[in-house]
Amino acid sequence: MTSQEFNITIGKLRPRLINFANGFVKGGAATAEDMVQEAVIKLWKSSEIQEIKTPEALSVQILKNVCLDYLKLKKNN
């Protein structure tokens, strides 16, 4: 997947990812946007980026993990 293909794919998925993050963290739009941004960066840095067959599923899974990490950190503080 080239960077242009990645940007197009993520551009289409971004609203769904933001909705998912909003429902998960309830911390406002800025927090949800930060979660999505972190998930997109992790997806891009993934060593398997060339082999991804369903980027939507993987991006949601990564975003869920990012949100869970955020909630654990928030709970501990």
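Residues numbered from 1 in each chain as written. Predicted model: local features only at pLDDT ≥ 70, side-chain atom pairs only at ≥ 80, totals over all residues. Heavy atoms only, no water.

(A) Highlighting the pattern of salt bridges. Under the counting rule described, the total for this entry stands at three salt bridges. Across the pair Arg16 and Glu56 runs a salt bridge, and its minimum N-O distance is 2.6 Å. Of the two residues, Arg16 sits in helix α1 (residues 3–25) while Glu56 sits in helix α3 (residues 55–76), which places them 40 residues apart along the sequence. A relative accessible area of 45% means that Arg16 is categorised as partly exposed. Given the relative accessible area of 36%, Glu56 is considered partly exposed. Among the ionic pairs, Glu38 bridges to Lys42, the shortest N-O distance being 3.8 Å. Here Glu38 and its partner Lys42 are both found in helix α2 (residues 29–45), four residues apart, which amounts to about one turn of the helix. By relative accessible area, which is 37% here, Glu38 ends up partly exposed. Owing to a relative accessible area of 39%, Lys42 belongs among the partly exposed residues under this scheme. (Salt bridge = Lys/Arg side-chain N within 4 Å of Asp/Glu carboxyl O. Helix = DSSP H or I, 4+ residues; strand = E, 2+ residues; numbered from the N terminus. Buried < 20%, exposed > 50% of the residue type's maximum accessible area, 1.4 Å probe, protein only.)

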